[in-house]
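Observations on the model geometry
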Amino acid sequence: MAESSRANRGWWDRNADDYQVEHGTFLGDDRFVWGPEGLDEIEAELLGPPEELKGKDVLEIGAGAAQCSRWLAAQGARPVALDLSHRQLQHALRIGGSFPLVCADAGDLPFADASFDLACSAYGALPFVADPVRVLREVRRVLRPGGRFVFSVTHPIRWAFPDEPGPEGLSVSASYFDRTPYVEQDEEGRAVYVEHHRTIGDRVRDIVAADLRLLDLVEPEWPAWNSSEWGGWSPLRGNLIPGTAIFVCARD
Ligand SMILES: C[S@@+](CC[C@H](N)C(=O)[O-])C[C@H]1O[C@@H](n2cnc3c(N)ncnc32)[C@H](O)[C@@H]1O
């Protein structure tokens, strides 16, 4: 857990500028998009009807430049945007917004119990942590009873395919069941970027182990309007296999 966090903090600090240049236009400054398919919270309503967000305390985990928090604030919610990377949060400051930004690890949330009505994460933290149950337990702890946590991750089936947008990304090249993390290392063998794979079953068991209840698993289909590529996500692959999994969980 500590090595993954250290590696990913450094990676996101070094790469935040490029990430925002490459994806900032697609993400928009104040749009809440769940993944490269472009599914928007305003149509998905996975956190509930937008008109019911007013006055809600919402924690965004792995917020990056806090685009989702900005959309939440525009609906009248009270978001808090948390990220491990200081540089990502500097982009949040650059774009602006009158809500708190918190630099912290999702595995160690610096909030009192029952501080939030809702929590959300669009590709933030969960794909990168070695101990997802710890993160889910932390989220449960800071949620109020009746609260919801909705998070998106790379769809687990993508682990079995090369991360390529073209035809070479359509043939299975690895075992879906191989949980060995993807690690990039420097010359001294220190991890500088880490992604952790969980199968669909693992994710369900993680949610149950954290004492959350799974309400829905959304697999957004690739929409006809979206002709853009994002790394290995493309119209070609998106029309054949899912690219994003969104888990909708409740805290009883
Ligand atoms: C793919 S970006 C997603 C950012 C934003 N939600 C978006 O859609 O652009 C992943 C974010 O998760 C953050 N992150 C990675 N590991 C984390 C951790 N352990 N705790 C909190 N944030 C983390 C990274 O710093 C990065 O900003």
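Predicted, not measured: the structure shown is a model, and the values here were computed from it. (Residues numbered from 1 in each chain as written. Predicted model: local features only at pLDDT ≥ 70, side-chain atom pairs only at ≥ 80, totals over all residues. Heavy atoms only, no water.)

Near the ligand lie 19 residues; those nearest to it are Tyr19, Asp83, Gln88, Ala106 and Ala122. A distance of 3.0 Å separates a nitrogen atom of the ligand from a polar atom in the backbone of Gly62. Within the side chain of Gln88, one N or O atom sits 2.9 Å away from an oxygen atom of the ligand. Coverage of the ligand by the protein amounts to 95% of the 590 Å² it exposes when considered alone. Residue composition of the shell around the ligand, grouped by class: twelve nonpolar, five polar and two charged. (Near = heavy atom within 4 Å. Polar contact = N/O pair within 3.5 Å; in protein donor to acceptor, adjacent residues only side chain to side chain. Areas by Shrake-Rupley, 256 points an atom, 1.4 Å probe, with all protein chains shown as cover. Nonpolar A, V, L, I, M, F, W, Y, C, P; charged D, E, K, R; others polar.)

Below, the discussion takes up the nonpolar core. Among the nonpolar cores identified, the biggest contains 28 residues, and Leu59, Ile61, Leu82, Phe111, Val139, Phe149 and Phe151 are the most heavily contacted of them. What Phe111 contacts, discounting residues up to four positions off in sequence, is Leu59, Val80, Leu82, Val102, Phe116, Arg141 and Val142. (Core = buried A, V, L, I, M, F, W, Y, C linked by side-chain atoms within 4.5 Å. Buried < 20%, exposed > 50% of the residue type's maximum accessible area, 1.4 Å probe, protein only. Contact = heavy atoms within 4.5 Å.)

Glycine aside, negative phi is the norm for most residues, and most peptide bonds take the trans geometry. Here the phi dihedral of Glu45 falls at roughly 50°; this positive angle occurs in a residue that is not glycine. Looking at where Glu45 falls in the secondary structure, it is placed in the loop between helix H2 (41-44) and strand E1 (57-61). A residue is classified by how much of its surface remains accessible, and Glu45, at 37% relative accessible area, is partly exposed. With a phi angle near 55°, Ala114 is a residue other than glycine that sits in the positive phi range. Tracing the backbone through its elements, the reader meets Ala114 in the loop between strand E3 (101-103) and strand E4 (116-122). Owing to a relative accessible area of 34%, Ala114 belongs among the partly exposed residues under this scheme. (Helix = DSSP H or I, 4+ residues; strand = E, 2+ residues; numbered from the N terminus.)

Turning our eyes to something else, we now look at the packing of helix H5 (residues 132-142) against helix H6 (residues 200-209). Taken N-terminus to C-terminus, the directions of H5 and H6 make an angle of 40°; their axes are 9 Å apart at the nearest point. What the angle tells us is that H5 and H6 run oblique. Viewed along their axes, H5 and H6 form a crossing whose handedness is right-handed. From H5, Pro132, Val133, Leu136 and Arg137 reach across to H6, where they touch Arg203, Asp206, Ile207 and Ala209. (Axes fitted to C-alpha atoms, helices over the stretch in contact; angles between N-to-C directions. Parallel < 35°, antiparallel > 145°, perpendicular 65-115°, else oblique. Left-handed = near helix turned anticlockwise from the far one by under 90°.)

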